[in-house]
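# Chains, contacts and geometry: an overview
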Amino acid sequence: MASQEKIGVVGAGLMGREIALVFALAGYDVLLCDRTEESLTQAKDRLDQIVEKGIARGFYQAADTVGALNRITTTTDLGRFKDREFVTEAVFEREDVKAEVFVRLDGICAPACVIATNTSTIPISVLAAHVSAARRANFIGTHYFSPVSRMRLVEVMPGFDTAPATLELAMRLCRAVGKTPIAIKDVPGFAVNRLLHVLMIEAVRLVEEGVATPEDIDTACKLGLGHPMGPFELMDATTSSLCLQAQEIMHEAYGERFRPRPLLKQRVRAGLVGGRGKPGWRTPRPS
Ligand SMILES: C[C@H](O)CC(=O)SCCNC(=O)CCNC(=O)[C@H](O)C(C)(C)COP(=O)(O)OP(=O)(O)OC[C@H]1O[C@@H](n2cnc3c(N)ncnc32)[C@H](O)[C@@H]1OP(=O)(O)O
C-alpha cells in the first residue's frame with residue numbers, strides 16, 4: 001500500500017476530535033492538538049464513548065477501533081506539526097482565532113504541507129490571506145458536518161489561489177476516509193449553511209409569531225419533511241451561539257434574508273445556547 005499522508009488536526013472540540021477519529025479509523029497516523037491537556041483528555045473521553053456506541057451498534061469492529069484510537073497522538077505543542085502533510089484546522093469559528101493558528105502553522109509546517117480549514121461560513125480566500133503567498137496554493141476549505149463520525153458529506157472549497165493538485169488531494173482524502181466530497185465555490189456559508197439557516201431563521205420566526213412551539217416545529221420537519229432532526233434539536237446539538245455566529249456572517253454578506261431573529265439573539269445573550277449539559281430550546285433548565 002502506498003504510504004499514507006501524516007495527518008494533523010488543530011482543535012479537539014466537537015468537530016476536530018471526530019475529524020481525527022475518521023482519519024484514524026481509515027488507518028492514518030493523526031496528531032491532534034489543542035491548547036490544554038484538559039481539552040485533549042475531554043476529547044479522548046468523548047471519542048471513547050463514540051467508539052463504544054459505534055461498536056454496540058455494529059458501525060465499527062472492536063479490533064479496528066483499538067488500533068484507530070492508538071493512531072491518534074495528542075499534543076499541546078503545535079511545533080510537532082513539522083512532519084505533517086495534511087493539517088485540518090477546526091478551532092473556534094472566528095477569523096482572528098483561526099488567523100493566529102494559520103500564522104503559526106505556516107511557520108511550522110513544511111512547504112508542501114496542505115492546510116485545510118473546517119470553517120463553516122468564512123470564505124477560504126479570506127482565511128488564506130493569513131498565510132504566506134507561497135502557502136496559498138496549498139490552502140483549502142474542507143467543511144465537515146456534525147456529528148462528523150456519522151455525516152458523510154464534506155464541502156470542499158478551493159480559494160482564489162488553491163492549486164488544482166490541492167483540490168485533488170483534499171477530494172481523495174475525503175473519499176479515503178469514507179466521506180462524499182462535493183466541490184463548492186468559495187462564498188460565505190458555502191451551500192449547506194445557506195440552506196440550513198434559511199430554515200432555522202424561519203423556524204424561530206414561527207415561534208416568535210406564536211404559530212407553533214419548538215417541539216411541534218421539530219415534529220413538523222421530521223414527520224412532514226423527513227428530516228432526521230428538527231431545526232430546534234439541531235440548534236441545540238450544534239449550539240445556538242454557533243448558529244447565531246453563522247447567521248451574522250451571512251447577514252453581513254447577503255443582507256436581510258440572513259438577519260438573525262431577535263429571539264435567537266436574546267436566548268444566546270441569556271446563555272440558553274444548548275450543547276452538552278446547557279439548557280437549549282428543547283433541553284430543559286435544571287430544576
Ligand atoms: C455547524 C456546521 O457548519 C454545519 C452542520 O454540521 S449542521 C448539522 C448537520 N447535521 C445534521 O443535520 C445531523 C442530523 N442528525 C442525524 O442525521 C442523526 O441524528 C444521525 C444520523 C447523526 C444519528 O442518527 P441516530 O444514530 O439514529 O441517532 P443517535 O444515536 O440518537 O445520535 C447519535 C449522537 O449524535 C448526536 N447528534 C446528532 N446530530 C448531531 C449534531 N448535528 N451535532 C452534534 N451531535 C449530534 C446525538 O445527540 C447523539 O449523541 P449521543 O451519542 O451522545 O447520544
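Residues numbered from 1 in each chain as written. Predicted model: local features only at pLDDT ≥ 70, side-chain atom pairs only at ≥ 80, totals over all residues. Heavy atoms only, no water.

## Topic: the overall build of the protein
Secondary structure assignment for the protein yields 11 helices and eight strands. In terms of overall dimensions, the protein is globule-like: its C-alpha atoms have a radius of gyration of 19 Å, near the 19 Å expected for 287 residues. With the C-alpha coordinates of the protein rotated into their principal frame, the extents come out at 60 × 45 × 35 Å. The buried share of the protein, taken over its 287 residues, is 48%. In the protein, once contacts between residues fewer than 6 apart in sequence are set aside, the share between residues at least 24 apart is 67%. Just so you have it, the protein exposes about 14000 Å², and 55% of that area is on carbon and sulfur atoms. Of the side chains in the protein, 35 bear a positive and 34 a negative charge, and the two mean positions are spaced by 1 Å. (Helix = DSSP H or I, 4+ residues; strand = E, 2+ residues; numbered from the N terminus. Rg over C-alpha atoms; globule rule 2.2 N^0.38 Å. Buried < 20%, exposed > 50% of the residue type's maximum accessible area, 1.4 Å probe, protein only. Contact = heavy atoms within 4.5 Å. Areas by Shrake-Rupley, 256 points an atom, 1.4 Å probe, with all protein chains shown as cover. Lys, Arg positive; Asp, Glu negative; His and termini not counted. Charge placed at Lys NZ, Arg CZ, Asp CG, Glu CD.)

## As for the sheet that holds strand β4 (residues 86-89)
The strand order β3-β2-β1-β4-β5-β6-β7-β8 describes an open sheet built from eight strands, whose pairing is mixed. Only two strands of the sheet have a single partner each, and these edge strands are β3 (72-75) and β8 (180-183). Within this sheet the neighbouring strands show an average axis-to-axis angle of 25°, counted without direction. Where β4 and strand β5 (residues 114-117) come together, four bridges link them in parallel fashion. Paired with Val87 across the bridge in β5 is Ile115. Against the sheet, helix α2 (residues 37-56) touches β2 (30-33) and β3, its axis set at about 155° to β3. The strands touched by helix α6 (residues 164-176) are β4, β5, β6 (139-144), β7 (153-158) and β8; relative to β7, the strand with the most contacts, the crossing angle is about 170°. (Pairing = 2+ DSSP bridges. Axes fitted to C-alpha atoms, helices over the stretch in contact; angles between N-to-C directions.)

## Considerations on the packing of aromatic side chains
Evaluated as defined, the whole model comprises four aromatic pairs. Ring geometry for Phe23 versus Tyr28: centroids 5.5 Å apart, planes at 80°, classification edge-to-face. For the pair Tyr254 and Phe258, a centre-to-centre distance of 5.7 Å together with 50° between the ring planes defines the contact as tilted. Accessibility expressed as a relative area gives 22% for Tyr254, which makes it partly exposed. Exposure remark for Phe258: the relative accessible area of 1% places this residue in the buried category. (Phe/Tyr/Trp six-rings, centres within 6.5 Å; stacked < 30°, edge-to-face > 60°.)

## Things to note about the environment of Val22
Turning to its location among the elements, Val22 is positioned in helix α1 (residues 16-25). Looking at Val22, the relative accessible area reads 7%, which means it is buried. As for Val22 and Ala62, which are separated by 40 residues in sequence, their C-alpha atoms are 15 Å apart. Among residues more than four places away in sequence, those in contact with Val22 are Val148, Ser149, Val177 and Lys179.

## Comments concerning the UniProt feature "site: Important for catalytic activity" (unreviewed entry) in the protein
UniProt's feature table lists "site: Important for catalytic activity" (unreviewed entry) at His143, given in the numbering used throughout. A residue is classified by how much of its surface remains accessible, and His143, at 4% relative accessible area, is buried. (UniProt positions renumbered as here; feature names shortened; annotations may be inferred.)

## Observations regarding the domain arrangement of the protein
Frequently, the measure chosen for interface size is the accessible area removed from exposure when the parts meet. By the assigned domains, the protein splits into domain 1 (7-183) and domain 2 (192-270). Averaged C-alpha coordinates put domain 1 and domain 2 at centres separated by 27 Å. With 12 residues of domain 1 at the interface, the matching set in domain 2 holds nine residues. Buried surface at the junction of domain 1 and domain 2, summed over both partners, amounts to about 720 Å²; 65% is from carbon and sulfur atoms. Among the residues of domain 1 in contact with domain 2, Glu93, Thr121 and Glu155 are the three that bury the most area, contributing 49% of the side total. Taken together, the links from domain 1 to domain 2 amount to zero salt bridges. There are three residue pairs in polar contact (both at pLDDT 80 or more) connecting domain 1 and domain 2. Among the residues forming the side of domain 1 that touches domain 2, the class breakdown is five nonpolar, four polar and three charged. (Domains from an automatic or database assignment. Buried area = accessible area lost by both parts, 1.4 Å probe. Salt bridge = Lys/Arg side-chain N within 4 Å of Asp/Glu carboxyl O. Polar contact = N/O pair within 3.5 Å; in protein donor to acceptor, adjacent residues only side chain to side chain. Nonpolar A, V, L, I, M, F, W, Y, C, P; charged D, E, K, R; others polar.)

## Topic: the pattern of salt bridges
Under the counting rule described, the total for this entry stands at 14 salt bridges. Where Asp218 meets Arg282, a salt bridge forms, and the shortest distance between an N and an O atom there is 2.7 Å. Placement of the pair is Asp218 in helix α8 (residues 214-225) and Arg282 in the segment after α11 (262-269), with a sequence separation of 64 residues. What emerges from the salt-bridge pattern is a single network uniting Glu215, Asp218, Lys222, Glu233 and Arg282.

## Description of the site of the ligand
Close to the ligand lie 18 residues, the nearest being Lys53, Arg57, His143, Ser146 and Arg150. Arg46 is positioned such that a nitrogen or oxygen atom in its side chain is 3.4 Å from an oxygen atom of the ligand. A distance of 2.7 Å separates an oxygen atom of the ligand from a polar atom in the side chain of Lys53. Expressed as a share of its isolated accessible area of 980 Å², the protein-covered part of the ligand is 69%. Put simply, the parts of the chain that give the shell around the ligand at least two residues each are α2, α7 (192-208) and α9 (231-238). Residue composition of the shell around the ligand, by class: nine nonpolar, four polar and five charged. Of the domains in this structure, domain 1 (7-183) and domain 2 (192-270) are the two that each give at least three residues to the shell around the ligand. (Near = heavy atom within 4 Å.)

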